[in-house]
Amino acid sequence: MTNSIAELEDAKVILIVGSNTTHQHPIHGERILAAARKGAKPIVLDPRALHLSGFAAVFPRPRPGRAVAYLHGLLNVIISAG
């Protein structure tokens, strides 16, 4: 978690990597669901179909151990876009 819990509800995009957040951190999970209801775009990067996957704007399902490759690609896009 890199942001405060309160900031989640006002986020436009929330990236969830390898975490079953609604199960492991129910308070955080509820804030993410509230943000999704307000129009946030959750991105769930996990090989498992999780509860949050149903609310995800993007749900790539990398094979186990391949999430780092997705993150490297995301960083490449961010850096290339300036």
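Just so you know, these numbers come straight off a predicted model, no measurement behind them.

A. Structural view of the overall build of the chain. Scanning the chain from N- to C-terminus turns up four helices and two strands. Traced from its N-terminal end to its C-terminal end, the chain shows the element sequence α-β-α-α-β-α. Taken along its principal axes, the extent of the C-alpha atoms in the chain is 30 × 30 × 20 Å. When contacts within the chain are restricted to residue pairs at least 6 apart in sequence, long-range pairs at least 24 apart make up 43% of them. Working note: accessible area of the chain is about 5,500 Å², and carbon and sulfur atoms make up 58% of it.

B. Inspection of the side chain of Ser 19 at higher detail. For Ser 19, the position within the fold is in the loop between β1 (13–17) and α2 (21–24). Not counting the four nearest positions on each side in its chain, Ser 19 is found in contact with Gln 24, His 25, Asp 46, Arg 48 and Leu 50.

C. Expanded view of helix α3 (residues 26–37). Compared with an ideal rise of 1.5 Å per residue, which puts twelve residues at 16 Å, α3 spans 16 Å between its outermost C-alpha atoms and is within 8% of the ideal. Residues of α3 that are buried include every one of His 28, Gly 29, Ile 32, Leu 33, Ala 34, Ala 35 and Ala 36, and no others. Each element contacted by the buried residues of α3 is listed here: α1 (5–8), β1, α2 and β2 (41–45).

Rules and cut-offs
Residues numbered from 1 in each chain as written. Predicted model: local features only at pLDDT ≥ 70, side-chain atom pairs only at ≥ 80, totals over all residues. Heavy atoms only, no water. Helix = DSSP H or I, 4+ residues; strand = E, 2+ residues; numbered from the N terminus. Contact = heavy atoms within 4.5 Å. Areas by Shrake-Rupley, 256 points an atom, 1.4 Å probe, with all protein chains shown as cover. Expected span 1.5 Å × (residues − 1). Buried < 20%, exposed > 50% of the residue type's maximum accessible area, 1.4 Å probe, protein only.

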